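What follows is each chain in one-letter form.
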Amino acid sequence: MATFELYRRSTIGMCLTETLDEMVNSGTLSPELAIQVLVQFDKSMTEALESQVKNKVTIKGHLHTYRFCDNVWTFILQKATFKSDDNSETVDRVKIVACDSKLLTQ
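Predicted model only: the values in this text are computed from it and were never measured.

Draft legend 1. Highlighting a nonpolar patch on the surface. Residues Leu-63, Tyr-66, Phe-68 and Trp-73 make up a contiguous nonpolar surface patch of about 440 Å² in total accessible area. With three residues, strand E1 (residues 58-69) is the largest single contributor of residues to the nonpolar patch. Here Trp-73 shows up in strand E2 (residues 72-83). On the basis of relative accessible area, Trp-73 is assigned to the partly exposed category, the value being 35%.

Have a look at this one:
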């Protein structure tokens, strides 16, 4: 199963990467093992989001920028409102990165 490395730029992904870098630099972990951990992180995030997230959210806002490159959509919205069944939240600016999940199974 192929995976995208999108989740490495999330807060938890960046923290994991920083921690692995520190461990490699201190000699606690080999670079090869650190790469294996990141690959497993990519797979685990993809599987968790597919199987455990069931909520649907509606997003409305002003589309500031959009881009489609290498089968990945990037949207930057301003004054975006996220609505779910029981909650609504508005943010000044949000970046959404989306890719075709069918590409993960090729």
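Draft legend 2. A look at the sheet that holds E1. Pairing is antiparallel across the open sheet formed by three strands, whose spatial order is E1-E2-E3. With one partner strand each, in any of the chains shown, E1 and strand E3 (88-99) form the two edges of the open sheet. The average undirected angle you get between the axes of adjacent strands in this sheet is 15°.

Draft legend 3. Just helix H2 (residues 31-52), in detail. In this model H2 runs 31 Å from its N-terminal to its C-terminal C-alpha over 22 residues, within 8% of the 32 Å that 1.5 Å per residue would give. Those residues of H2 that sit buried are Ala-34, Leu-38, Phe-41, Asp-42 and Thr-46. For H2, the buried positions fall inside an angular range of 120° around the axis, keeping them on one side. More than 90 degrees from the buried face of H2, the exposed residues found are Glu-32, Gln-36, Glu-50 and Gln-52. Buried-residue contacts for H2 involve helix H1 (11-26).

Draft legend 4. Just the domain arrangement of the chain, in detail. Each domain of the chain was delimited in the assignment, giving domain 1 (6-52) and domain 2 (58-99). With centres defined by C-alpha atoms, the gap from domain 1 to domain 2 works out at 25 Å.

Draft legend 5. Seen up close, the confidence of the model for the chain. Counting all residues, the mean pLDDT for the chain is 89, and 92% of those residues have values of 70 or more. Put simply, H2 is where the chain has its lowest mean pLDDT, 91, and H1 is where it has its highest, 96.

Draft legend 6. Highlighting the packing of aromatic side chains. Enumeration according to the criterion identifies three aromatic pairs in this entry. A ring pair is formed by Tyr-66 and Trp-73, whose centres lie 6.5 Å apart and whose planes are at 35°; its orientation type is tilted. Residues Trp-73 and Phe-75 carry aromatic rings whose centres are separated by 5.5 Å and whose planes lie at 10° to one another, so their mutual orientation is stacked. With a relative accessible area of 25%, Phe-75 lands in the partly exposed category.

Draft legend 7. Spotlight on the pattern of salt bridges. One pass over the structure, following the stated rule, counts two salt bridges. In this structure, Asp-42 and Arg-8 form a salt bridge, with 2.6 Å as the shortest nitrogen-oxygen distance. One end of the pair, Asp-42, is in helix H2; the other, Arg-8, is in the segment before H1, and 34 residues separate them in sequence. Exposure remark for Asp-42: the relative accessible area of 1% places this residue in the buried category.

Calculation criteria
- Per-chain numbering applies: the sequence of each chain, read as written, is numbered from 1 onward.
- pLDDT decides what is reported in this predicted model: residues at 70 or higher carry local features, side-chain atom pairs at 80 or more are listed and counted, and totals for whole chains, interfaces and linings draw on all residues regardless.
- Hydrogens and waters are ignored; side-chain quantities use all the structure's heavy atoms.
- Only residues whose relative accessible area exceeds 30% and that take part in no salt bridge are eligible for patches, with like-charged residues grouped when within 9 Å of each other and nonpolar side chains (Val, Leu, Ile, Met, Phe, Trp, Tyr) grouped when within 5 Å.
- Residue-level accessible areas treat just the shown protein chains as cover; the underlying method is Shrake-Rupley with a 1.4 Å probe.
- What makes a salt bridge here is a side-chain nitrogen of Lys or Arg within 4 Å of a carboxyl oxygen of Asp or Glu, nothing more.
- The secondary structure listing takes helices from DSSP runs of H or I that are at least 4 residues long and strands from runs of E that are at least 2 residues long, numbered from the N terminus.
- The rule is simple: take the accessible area with a 1.4 Å probe, protein chains only, and divide by the maximum for that residue type; under 20% is buried, over 50% is exposed, in between is partly exposed.
- By definition, two strands form a pair when at least two bridges between them are found by DSSP.
- Axes here refer to lines fitted to C-alpha atoms; in helices the fit is confined to the stretch in contact. Angles between the N-to-C directions go from 0 to 180 degrees.
- One less than the residue count of a helix, multiplied by 1.5 Å, gives the span that helix is expected to have.
- The reported arc concerns the directions from the helix axis to the C-beta atoms and nothing else.
- Residue contacts are counted whenever heavy atoms from the two residues lie within 4.5 Å of one another.
- All domain edges in this entry derive from an automatic or database-based domain assignment.
- Predictor confidence is given residue by residue as pLDDT, running from a minimum of 0 to a maximum of 100.
- Any two of the Phe, Tyr and Trp rings considered here, Trp counted by its six-membered ring, make a pair once their centres fall within 6.5 Å; the pair's planes then place it as stacked at under 30 degrees, edge-to-face at over 60, or tilted in between.

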